[in-house]
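Descriptive analysis of the structure
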Amino acid sequence: MRNKNLIRKKGVAAMSCMLLALSVLSGCGSDSGTGDASSAAETDSPSEDSESVIIAGTSAGYFSATNLDPAEDWNGWYISFYGVGETLFRLDESYTANPWLVESYENVDERTWVFTLRDDVYFSNGEQMTGDAVVACFERTYEINARASETLPIESITADGQELTIVTSSANPTITSDLCDPLLTVYYVGEEEDYDTFTACTGPFVVDSFTLNEEIVVVKNENYWGGTVNTDKAYLEIFDDSDALNMALQNGEVDIIAAAGASSLLLFAEDDNYQILSASTSRGNFIDFNYESAYGQNDVLREVIARAIDREGYAEVICNGASNANYGIYPDTMSFGDNDSLDIRITAQDLEGAEALLDEAGYTDTDGDGIREIDGTPISMTVVTISTTDAFVSLCDDLASALKSIGIELNIQLYEKLESREDYEGVAWDLCIENKSMSATGNASYFFDSTVVTDASANYGGYSNPELDALAVALKSTYDTDERNALVFEMEQMLLDDNSFIVFANQNFTCVTNNTISNFTVQPSEYYFLDADITKNGNDDSGSAQ
């Protein structure tokens, strides 16, 4: 572990005025995180010239696994990001699923798939990846994590040597994409494993040390099946402050900022010593409602919120271009994200229209205190979001101001984490601002199945629409692309018509590197960060990032 808070003690006075200005624009889900800033300036091992060492930092949640068990929570996603975990298939930059740990595969019938596994893949503990090993892994994951059966509903999984047979519960035209989800990371299952502290996977790196919400250190996997790993060691540091992270990159204390936010883009965009790499993602920033609250059930108030939110201001001012405003559901980079195929009634912030809706509903201010009432009760709504995302906090402030101007009180409640049903227990809320990768594998079903359909694991507000549920079921057995897209557009239209999930922006995944880093690719799925190719060229300032 490095000396903590060292960065905060260096050069703060000289930078304070500039950083204060930058902090106004910080946010967009990438400028604030949890944990203390850990310095990359003084390390135990990067001083060794013989080692190729990369130091990456983030102030977002991109390094924040709860432990090293891929089956728990969202840890598989983080472990994939570390370059430790791999899946049977891997997405390319166009969201196409390609065989990875699989040599070949055959679709026997609409429910039966046979996969021939590579015979040259070994876990980091030296054990070979066999069909039986994958079966044991999947069985354990499905037992532990409820999202697994939503991601890929399986009736049975069996193995014969390197041949793996999966029978799905129903027709599944997107199975290869589903198998890219890091929840289905392939890892070694043994009798005496302590998965929380170490899990043997197949990726180019192995976790050397893990300090919750502070630092992850990974080292080269000497048993890696995929060829030469160009980096010996990588430090993944979690900063509690985006300004400190920016300073660390400037001082050469980190090489990469992962999930760079607005302040980083503003600071480094015109500096030739750094390169900004960005990819448009399916991560949606959205508002959902609590259907157990009277306000969440109110059709008028949901549309008022949809009209009051300033999507363009959020994307361009709060996020400094790190997000794209959206008035539909999915980003326009996807075939089912074409807003021209939808009837979109709200195309800009419309406070006059919101005010007219309130007047028409008879929600007026009878006592002159500036707040409208419903049946004599002042309209006082509560929005919740995570305190560690600066952009969401700023958006809450802006939305509260906009709503106040038309006679609605919006109370803001901030929480460190809102990622599970347990997190919402005891929380009184009417609407929530959150973000989610809506179709990271290119499968439109994911957002609906995990978040929208009745009783979905992440449907925290209790939304339920039987007609949409039926379409979600039909989508799972539809193989033709045009027919699938038509179903998706119909489902999107339902969400837009009742303003049940208001997607106001889609994030870009952006990284900033210094000029010692090469062979680094930013992927739109957000599943991948470290890989075997990424290279540290040394400390020669004449190098260039690619």
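All figures in this text were calculated on a predicted structure; none of them were measured in a lab. (Residues numbered from 1 in each chain as written. Predicted model: local features only at pLDDT ≥ 70, side-chain atom pairs only at ≥ 80, totals over all residues. Heavy atoms only, no water.)

How two aromatic rings sit relative to each other is given by the distance of their centres and the angle of their planes. Counted under the stated rule, the structure contains 31 aromatic pairs. Cluster of aromatic residues (ring-pair linked, three or more members): Tyr62, Phe63, Trp77, Tyr78, Phe81, Phe509, Phe520 and Phe529. The ring of Trp100 carries the charged tip of Arg90 above its face, separated from the ring centre by 5.0 Å. In this arrangement the basic side chain of Arg147 is found over the ring face of Trp74, its NZ or CZ atom lying 3.5 Å from the centre. (Phe/Tyr/Trp six-rings, centres within 6.5 Å; stacked < 30°, edge-to-face > 60°. Lys NZ or Arg CZ within 6 Å of the ring centre and 35° of its normal.)

To continue, consider the pairing of strand β6 (residues 154-160). Every other side chain in a regular strand lies on the same face of the sheet, so the side chains alternate between the two faces. Bridge count for β6 against strand β7 (residues 163-168) is six bridges, and the pairing is antiparallel. By the bridge assignment for β7, Asp160 is matched with Glu163. Linkage of β6 to β7, two consecutive antiparallel strands, is achieved through a turn of two residues, within which Gly161 is found at a positive phi near 65°. (Pairing = 2+ DSSP bridges. Helix = DSSP H or I, 4+ residues; strand = E, 2+ residues; numbered from the N terminus.)

In this section: the pairing of strand β5 (residues 112-117). With five of its six residues buried, β5 lies for the most part within the structure. Summarising the sheet, strand β4 (residues 102-107) and β5 pair through five bridges and their orientation is antiparallel. Bridged to Asn107 within β5 is Trp113. Counted between consecutive antiparallel strands, the loop separating β4 from β5 contains four residues. Across five bridges, the pairing between β5 and β7 is antiparallel. (Buried < 20%, exposed > 50% of the residue type's maximum accessible area, 1.4 Å probe, protein only.)

A few words on a negative patch on the surface. Residues Asp310, Glu312, Glu316, Asp397 and Asp398 make up a contiguous surface patch of negative charge. Counting residues per element, the ones that place at least two in the negative patch are α10 (311-318) and α12 (390-404). Residue classification places Asp310 among the partly exposed residues on the basis of a relative accessible area of 33%. (Patch = residues over 30% accessible without salt bridge, like charges linked within 9 Å, V, L, I, M, F, W, Y side chains within 5 Å. Areas by Shrake-Rupley, 256 points an atom, 1.4 Å probe, with all protein chains shown as cover. Salt bridge = Lys/Arg side-chain N within 4 Å of Asp/Glu carboxyl O. Lys, Arg positive; Asp, Glu negative; His and termini not counted. Charge placed at Lys NZ, Arg CZ, Asp CG, Glu CD.)

This part is about the packing of helix α9 (residues 299-308) against helix α11 (residues 351-360). In contact at an axis separation of 8 Å, α9 and α11 are set at 165° when each is read in the N-to-C sense. Classified by the interaxial angle, the pair formed by α9 and α11 is roughly antiparallel. Crossing hand, α9 versus α11: left-handed. Each of Val300, Leu301, Glu303, Val304, Arg307 and Ala308 in α9 lies in contact with α11, whose residues at this interface are Leu351, Gly353, Ala354, Leu357 and Leu358. (Axes fitted to C-alpha atoms, helices over the stretch in contact; angles between N-to-C directions. Parallel < 35°, antiparallel > 145°, perpendicular 65-115°, else oblique. Left-handed = near helix turned anticlockwise from the far one by under 90°. Contact = heavy atoms within 4.5 Å.)

Attention now moves to empty space enclosed by the protein. To find leftover empty space, a probe the size of one water molecule is rolled over the atoms. The final tally for this structure, using the stated rule, is four cavities of 30 Å³ or more. One number sums up the size of the largest cavity: a volume of about 220 Å³. Surrounding the largest cavity, 20 residues form its lining, Glu150, Thr151, Asp178, Asn443 and Asp449 being those nearest its centre. Broken down by secondary-structure element, the contributors of at least two residues to the lining of the largest cavity are α4 (147-151) and α14 (445-452). Residue lining of the second largest cavity: 13 residues in total, with Arg311, Tyr327, Ile346, Leu496 and Asn499 positioned closest to the centre. (1 Å grid on protein atoms, 1.4 Å probe; cavity = no way out; pocket = protein on both sides within 12 Å on 5 of 7 lines; lining within 4 Å. Points joined across faces, edges and corners; volume = space filled by probe spheres on them.)

Residue position: Arg345 is located in the loop between β13 (323-325) and α11. Considered as a pair, Arg345 and Asp497 are 152 residues apart in the sequence and their alpha carbons are 8.7 Å apart. The residues contacting Arg345, other than those within four sequence positions of it, are Glu303, Arg307, Leu496, Asp497 and Asn499. Reaching out from Arg345, the side chain makes a polar contact with the side chain of Glu303 at a distance of 3.3 Å. (Polar contact = N/O pair within 3.5 Å; in protein donor to acceptor, adjacent residues only side chain to side chain.)

In the structure shown here, the tally under the stated rule is 14 salt bridges. Here Lys220 ties to Asp232 by a salt bridge, and the two come within 3.2 Å at their closest N and O atoms. With Lys220 in strand β9 (residues 215-220) and Asp232 in the loop between β9 and β10 (233-238), this residue pair connects regions lying twelve residues apart in the sequence. The partner of Arg302 in a salt bridge is Asp299, with the nearest N and O atoms 2.7 Å apart. Residue Arg302 and its partner Asp299 are located together in helix α9, separated by three residues, close to a single helical turn.

Here the structure, examined in full by the defined rule, presents zero disulfides. Not engaged in a disulfide, the cysteine Cys137 finds its nearest cysteine sulfur in Cys201; these two sulfurs lie 8.2 Å apart. Owing to a relative accessible area of 0%, Cys137 belongs among the buried residues under this scheme. (Disulfide = S-S within 2.5 Å.)

Before going further, it helps to examine the sheet that holds β7. Strand order across the open sheet formed by four strands is β4-β5-β7-β6, with antiparallel pairing between neighbours. Edge strands, defined here as strands with exactly one partner in the open sheet, are β4 and β6. Mean inter-strand twist for the sheet, computed between neighbouring axes without regard to direction, equals 15°. Lying over the sheet, helix α3 (residues 131-144) contacts β5, β6 and β7, oriented at roughly 155° with respect to β6.

With that settled, consider the environment of Ala458. Within the element layout of this structure, Ala458 appears in the loop between α14 and α15 (466-476). When the C-alpha positions of Ala458 and Phe447 are compared, they lie 9.4 Å apart, and in sequence the two are eleven residues distant. Apart from residues lying up to four places away in sequence, Ala458 is in contact with Lys436, Ser450 and Thr451.

With eight of its eight residues buried, α14 lies for the most part within the structure. Buried residues of α14: Ser445, Tyr446, Phe447, Phe448, Asp449, Ser450, Thr451 and Val452, and no others. Against the buried residues of α14 lie α4, β12 (274-289), β18 (431-437), α15, α16 (481-498) and β19 (501-514).

Even without being glycine, Tyr95 reaches a positive phi, approximately 65°. The topology assignment puts Tyr95 in the loop between β2 (89-91) and β3 (97-99). When its relative accessible area of 14% is taken as the criterion, Tyr95 is described as buried. In this structure, Asn519 takes a positive phi of about 55° despite not being glycine. Its place among the elements puts Asn519 in the loop between β20 (517-518) and β21 (535-536).

For the rest of this paragraph, the subject is the side chain of Arg90. Mapped onto the secondary structure, Arg90 falls in strand β2. The residues touching Arg90, leaving out its near neighbours within four places in the chain, are Thr96, Ala97, Asn98, Trp100, Cys180 and Tyr528.

So, on to the confidence of the model for the chain. Confidence along the chain averages 88 in pLDDT terms, with 89% of residues attaining 70 or more. Across residues 1-27 the pLDDT falls below 50, and counting only partners more than four positions away or on other chains, this stretch makes 67 contacts in the model. This stretch, residues 29-48, has a pLDDT under 50; its non-local contacts, to residues over four places away or in other chains, come to 81 contacts. (pLDDT = per-residue confidence, 0-100.)

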